[in-house]
Amino acid sequence: MTLFNFTIGNYRSIAGKKILSLEPAVITDFPQNVIQKSNYKWLSSAAIYGANASGKSNLLHAMSIMKQIVVESFDKRSVNELPYDPFLLNTTTPQEPTFYEIEFLVENIKF
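Right, let's walk through the structure included here.

How each quantity is defined
- Residues numbered from 1 in each chain as written.
- Predicted model: local features only at pLDDT ≥ 70, side-chain atom pairs only at ≥ 80, totals over all residues.
- Heavy atoms only, no water.
- Helix = DSSP H or I, 4+ residues; strand = E, 2+ residues; numbered from the N terminus.
- Buried < 20%, exposed > 50% of the residue type's maximum accessible area, 1.4 Å probe, protein only.
- Contact = heavy atoms within 4.5 Å.
- Salt bridge = Lys/Arg side-chain N within 4 Å of Asp/Glu carboxyl O.
- Pairing = 2+ DSSP bridges.
- Expected span 1.5 Å × (residues − 1).
- Arc of directions from axis to C-beta.

Looking only at helices and strands, the protein features 1 helix and 6 strands. When the helices and strands of the protein are read in sequence order from the N terminus, they spell out β-β-β-β-α-β-β. Each principal axis of the C-alpha atoms in the protein carries an extent, and together these give about 45 × 40 × 20 Å. A total of 111 residues make up the protein; the buried ones form 23% of that total. Taking as baseline every contact in the protein between residues at least 6 positions apart, the subset at least 24 positions apart corresponds to 56%.

What follows is the structure, given as structure tokens:
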């Protein structure tokens with residue numbers, strides 16, 4: 001499986017939707033860092049950087065939580081509530097759902 005994009009919204013310190021994209025930009029400075037298979041291209045690695053308390057750890061934690069939700073969804077015996085940790089610094093987001101989305105490639109099919 002190859003990850004193209006991970007999108008998160010209304011999660012911890014992330015109010016609006018934010019995207020971690022592994023799709024290459026139009027810039028062609030480092031072609032050795034781009035992998036191509038069929039009609040798809042993606043970066044071989046990515047760096048997440050920013051100021052302290054800018055949401056880097058929360059982005060990674062959101063990826064982990066989404067994985068947990070997907071893996072546990074196959075357990076039909078589970079009746080636990082889904083993890084929910086919304087952005088709390090305004091009056092509307094605590095009542096709205098958290099948003100997770102991934103785009104990935106499996107056997108030359110993008111989902």
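Any two side chains of opposite charge can pair if their charged atoms end up close together. With the rule as written, the count across this model stands at 3 salt bridges. Salt-bridge contacts for Asp 85 lead to Arg 12; the nearest nitrogen and oxygen are separated by 2.8 Å. On the criterion of sequence distance, the pair formed by Asp 85 in the loop between α1 (56-72) and β5 (99-106) and Arg 12 in the loop between β1 (2-9) and β2 (18-21) is long-range, its members being 73 residues apart. On the basis of relative accessibility, which here comes to 31%, the residue Asp 85 falls in the partly exposed class. For Lys 110, the salt bridge goes to Glu 103, with nearest N and O atoms at 3.7 Å.

Turning our eyes to something else, we now look at the environment of Ile 69. If you trace the backbone, Ile 69 turns up in helix α1. Remark: the alpha-carbon pair of Ile 69 and Ala 46, spanning 23 residues in sequence, is separated by 24 Å. Contacts of Ile 69, omitting those with residues within four sequence positions, involve Leu 82, Pro 83 and Tyr 100.

Below, the discussion takes up unusual backbone geometry. A positive phi angle, close to 50°, is found at Arg 12, a residue other than glycine. Of note in the backbone geometry, Ala 53 takes a positive phi value of approximately 65° without being a glycine. Relative to the helices and strands, Ala 53 resides in the loop between β4 (40-43) and α1. Ala 53 sits in the exposed class, given a relative accessible area of 82%.

The next thing to look at is the sheet that holds β5. The strand order β2-β1-β5-β6 describes an open sheet built from 4 strands, whose pairing is antiparallel. Since the sheet does not close on itself, it has two edges, and those belong to β2 and β6 (109-110), each with one partner. The pairing of β1 with β5 spans 7 bridges and is antiparallel. Its bridge partner being in β5, Gly 9 is matched across the sheet by Phe 99.

In this model α1 runs 25 Å from its N-terminal to its C-terminal C-alpha over 17 residues, within 8% of the 24 Å that 1.5 Å per residue would give. Among all positions of α1, only Asn 58, Leu 59, Ala 62, Ile 65, Met 66 and Ile 69 are buried. Projection of α1 onto a plane perpendicular to its axis shows the buried side chains occupying an angular sector of 120°, all on one side. Exposed residues lying more than 90 degrees from the buried face of α1 are Ser 57, Lys 67 and Val 71.

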